[in-house]
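# An overview of the molecular structure
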Amino acid sequence: MPGYKDLEIKAVGERLSPTKMRVRAEGFEILIDKLGGEYPCPLDYQLAALAGCLNIVGTLVAKDMGINIESLTVEVKGIFNPEKFMTGNGGRAGFKGISVKIKVKADADEEKLKEWIEKVDERCPISDNLLNMTPLKIEVEKA
């Protein structure tokens, strides 16, 4: 199998208000707001990204393993304490923990599904970014 090349995935956001941003990514427009705002907040999108990624990777892995998925639902829950975010004090600014429940109807027994989900978790880019430290560099420049 030929090797894959690194891809640059890019999103560009434009501030619409103190809490709202329009982000363009891959030709799509995403609206982001504060927690409880008019649009989903960044934390919502992070959980949604994990759910979507688990579906995509789950489908790829199922195909590799000869499993036919009839239906799949992914429930993702995160525990978040806003104290650090709001005041600068307290524990972590991000999620304290994230849990996922996947319900899958497929032509596979419990043992094969356990093997499947281990491979899915191993190959999911969003799971990987949540579980492992990814180098992050934030720069600022005057416009």
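Since we're looking at a predicted model, the values are computed, not measured.

### Some points on the overall build of the chain
Each helix and strand in the chain was counted, giving 4 helices and 5 strands. The secondary structure elements of the chain, listed N-terminal to C-terminal, are β-β-β-α-β-α-β-α-α. The C-alpha radius of gyration of the chain comes to 18 Å, more than 25% above the 15 Å expected for a compact globule of 143 residues. By principal-axis analysis of the C-alpha atoms, the chain measures approximately 55 × 35 × 30 Å. Looking at the 143 residues of the chain, the share that counts as buried comes to 17%. Taking the intrachain contacts of the chain between residues at least 6 apart in sequence as the baseline, contacts between residues at least 24 apart amount to 48%. On the chain, the mean spot of the 21 positive side-chain charges and the mean spot of the 23 negative ones are 5 Å from each other.

### Observations concerning the packing of aromatic side chains
Applying the stated criterion to the full structure yields 2 aromatic pairs. Taken together, a centroid distance of 6.4 Å and an interplanar angle of 55° make the contact between Phe 80 and Phe 85 tilted. Ring centres of Phe 80 and Phe 95 lie 6.4 Å apart, and the angle between their planes is 70°; this geometry places the pair in the edge-to-face category. Taken as a pair, Phe 80 in strand S4 (residues 69-80) and Phe 95 in strand S5 (residues 95-106) lie far apart in primary sequence, 15 residues in all. With relative accessibility at 22%, the residue Phe 80 sits in the partly exposed group. Here the aromatic residues Phe 80, Phe 85 and Phe 95 are joined through ring pairs into a cluster of three or more.

### Describing the packing of helix H1 (residues 42-65) against helix H3 (residues 110-123)
Put simply, H1 and H3 touch, their axes get as near as 9 Å, and they point 125° apart. The orientation of H1 with respect to H3, classified from their angle, is oblique. The way H1 lies across H3 gives a crossing that is right-handed. Mapping the contact onto sequence places Leu 54, Val 57, Gly 58, Leu 60, Val 61, Ala 62, Asp 64 and Met 65 in H1 and Lys 112, Glu 115, Trp 116, Lys 119, Val 120 and Arg 123 in H3. When the residues that make up the contact of H1 with H3 are grouped by side-chain class, the tally is 8 nonpolar, 1 polar and 5 charged.

### Some thoughts on the state of the cysteines
Counted according to the given criterion, the structure contains 0 disulfides. Here Cys 124 stays free of any disulfide, with the sulfur of Cys 53 as its closest cysteine sulfur at 3.0 Å.

Here is what the cut-offs are and how they apply
Residues numbered from 1 in each chain as written. Predicted model: local features only at pLDDT ≥ 70, side-chain atom pairs only at ≥ 80, totals over all residues. Heavy atoms only, no water. Helix = DSSP H or I, 4+ residues; strand = E, 2+ residues; numbered from the N terminus. Rg over C-alpha atoms; globule rule 2.2 N^0.38 Å. Buried < 20%, exposed > 50% of the residue type's maximum accessible area, 1.4 Å probe, protein only. Contact = heavy atoms within 4.5 Å. Lys, Arg positive; Asp, Glu negative; His and termini not counted. Charge placed at Lys NZ, Arg CZ, Asp CG, Glu CD. Phe/Tyr/Trp six-rings, centres within 6.5 Å; stacked < 30°, edge-to-face > 60°. Axes fitted to C-alpha atoms, helices over the stretch in contact; angles between N-to-C directions. Parallel < 35°, antiparallel > 145°, perpendicular 65-115°, else oblique. Left-handed = near helix turned anticlockwise from the far one by under 90°. Nonpolar A, V, L, I, M, F, W, Y, C, P; charged D, E, K, R; others polar. Disulfide = S-S within 2.5 Å.

As far as function goes, none of this settles anything; it's purely spatial.
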